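# Overview (structure and organization)
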Amino acid sequence: MDVSNPIFVFTVLLAVILLIPPVFERLHLPGLVGLLLAGVILGPNGLRFLSHDTETMKLLSDIGKVYLMFVAGLEIDLSQFRKTRQRSMTFGLLTFIVPIFTGITIGRWFNFGWNASLLIGSLLASHTLLAYPIVRRLGVVQNEAVTVTIGATIFTDTAALVVLAICVGINQGEFTALTLVNQLITLGLYCVLVLWGFDRAGKEFFRRSRDDQGNQFLFTLLALFVASVGAQVIGVEQIVGAFLAGLAVNDVLGDSPVKEKVEFVGGVLFIPFFFVDMGLLIDIPAFVKTLASIGITVAIVVGLIGSKFIAAWLAALWYRYTRVEMLTMWSLSLPQVAATLAATLVGFQEGILTKDILNSVLVLMVVTSILGPIITARTANRIPIPQPEQEAIDEVAAWWDSSHGDAEDPQPPFTVVVPVNNPQTQRSLIELAALLARYESGRVVSVAIVRGQVHMDDPRLEGELIRSRKLIRRAVELADAYGVEVTPAIRIDDDIALGITRLSREQNASLIVMGWSETSSLKARLFGSMIDSVLWSSPCPVAITRLLDAPENIATILVPTRDLTPTTLRIVRFAQALAGVSNAKVILLHVVLPNTPQEQTAQFEDDLGSITQEQAPQITTIIKTLVSNDIAAAILQEAQQCDLVLMRSIRRGTAGGLTVSDITTQVVQQLHTSVILFGEPHK
């Protein structure tokens, strides 16, 4: 077998990224460690199936490298950065300067030149938010210390890549102060061009392309590679352009289905290729030699951990954060994955860094990617869950309570929009919508969307209209039995999802109730493009339902709660309204880790109890706290005693392009009871 054959190389890589990561994740190790090990086994030091020097491997690895940095830019939460811009910049400066000086000191101590030492320092200065899903799961993302750390990522990654560009420029030519100034000016102009130009061009293109997700996906990829090529043209490394492109289209994509597709393609395909290639570069004898003369590796690992701790301690001292908040900031800024690995590979290929540094950085990546999330899980759960502002509570009340408003500015009636295109779920959806509308003295809008044809006299269109009229008549009959006002509607639209959301906006909808087919796969139910599009463009919350029994028969509703954000309060309010129509009780389940302080748990229960009493004092609402290391298992255990589980709809979770399992997905995959996933409108 010709191991340089592109098809053979691609086949081996697909087999590796399909089979290896799940095995390591079962061992509670990052999947990327498995990809690195697979590269070692299949590379020159092992079975020799793959080689870094083949054109196919170089191409796929280069694409994975720029894609990794692009996704890193996409995942930076700009809204969080804007909330605490000044403090994020301050912490970003601290967690950049302290590690970079530490790295320079280590480099000079081990007899590296100034340029290589500066690059070693920049490798320690960035960080990857690998533990972000943990703080999100614990409900402390809104804590200021956490928000500041998330926002600091944009500064550390950008500054580290700028240092990389300078070091590569110095290495490639004669260095003078004039060339440095010229390079910085060129880089500054390029940053402005990409960040401003791609943002404006992207918004204009998305406005004109409207719902054409295929072209929007291609535009996003084009922005990535144009920025990467442009960076190379001005003498800067490609990953700098890729990261800037990710920041530029961040606002354009938001949390749209297109962003999910972009991250999906990178996370399951191209980014794993890069990690396998990093494994191919590991020279086993050199790696063993590096570990045998362990000095440089220990210095880099200890230097990174210590310098990040000092930076977090200084920031906490300056802004008066608690010890727990300081430790959380430190642990969040520990993992070195995306920018660190990409920059290390560039430095190695340019001849600035040696094999010893490459091997040491790989050890650093493994250590910090394991240590950071472990510390975060142990410290972040001790941060008090932020209390909601009164404005947020009033917002939830205004959303649901149709009595708000006055004679001059009356609030429209509570309106539930129900798409009835699927006859299998029609009855349960209409019954649920009618009960809610009757409870709130509102109305139901039953809608059937017919996909348009080029010619309005097309026989296919006429057949769909006839079918839709039958469905609408059936929906009206079902709703009439509950004595609520029903507005039937048939809409012809090029896109079913947009037809639903546009009509919802026209009708001032308070809620959209949708279902998924029992015959479709779980992936199609939860991640289907139609549901994604409705959630993306909806003007109001969306309830995605799978009811195994009539709504009137629901006696117990389980609502896992992790924070007091408006999203959680809206879900609780929805559960209380549903309990009101079926005389059910609501159980608010709060799962905490074993080392969570008892006073923190009691405070959360008091805050949640007072809010639920204010929202619906007549509904029986029980707050239950369970102590467990496995949140999904605790929810599933409690769900066995309940008729309905109500959860927020979260369809993905990534960190530096690496897939992270999500509690909602784990629970729904194993639930054997009715479930409603509650999705928030995009903002």
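Looking now at the side chain of Q576. Relative to the helices and strands, Q576 resides in helix α25 (residues 566-582). Apart from the residues lying within four places of it in its own chain, the contact partners of Q576 are V586, T612, Q615, A616, I619 and T621.

Right, let's get into helix α9 (residues 177-209). Helical geometry note: an α-helix holds 3.6 residues per turn, so side chains three or four residues apart project in the same direction. For α9, spanning 33 residues, the distance from its first C-alpha to its last is 46 Å, which sits close to the expected 48 Å at 1.5 Å a residue. Among the residues of α9, those classed as buried are Q183, L187, Y190, C191, V194, G197, F198, D199, G202, F206 and S209. Buried residues in α9 make contact with α8 (144-172), α10 (213-233), α11 (238-248) and α12 (250-253). A positive backbone phi angle near 55 degrees is found at R210, which sits one or two residues after α9.

This part is about unusual backbone geometry. The backbone of R320 shows a phi angle near 60 degrees, a positive value even though the residue is not glycine. With respect to the helices and strands, R320 occurs in the loop between α15 (295-319) and α16 (323-332). The backbone of S441 sits at a positive phi, close to 55 degrees, despite the residue not being glycine. Here S441 lies in the loop between α20 (423-439) and β2 (443-451).

This part is about the sheet that holds strand β7 (residues 585-592). Read from one edge of the open sheet, ten strands run β3-β2-β1-β4-β5-β12-β9-β6-β7-β8, paired in mixed fashion. Strands at the two margins of the open sheet, each flanked by one partner only, are β3 (485-493) and β8 (621-627). The mean inter-strand angle of the sheet, taken between neighbouring strand axes irrespective of direction, is 25 degrees. Alignment of β7 against β8, held across seven bridges, turns out to be parallel. Bridge pairing in β8 links V586 to T621.

Definitions and cut-offs
- Residues numbered from 1 in each chain as written.
- Predicted model: local features only at pLDDT ≥ 70, side-chain atom pairs only at ≥ 80, totals over all residues.
- Heavy atoms only, no water.
- Helix = DSSP H or I, 4+ residues; strand = E, 2+ residues; numbered from the N terminus.
- Contact = heavy atoms within 4.5 Å.
- Expected span 1.5 Å × (residues − 1).
- Buried < 20%, exposed > 50% of the residue type's maximum accessible area, 1.4 Å probe, protein only.
- Pairing = 2+ DSSP bridges.
- Axes fitted to C-alpha atoms, helices over the stretch in contact; angles between N-to-C directions.

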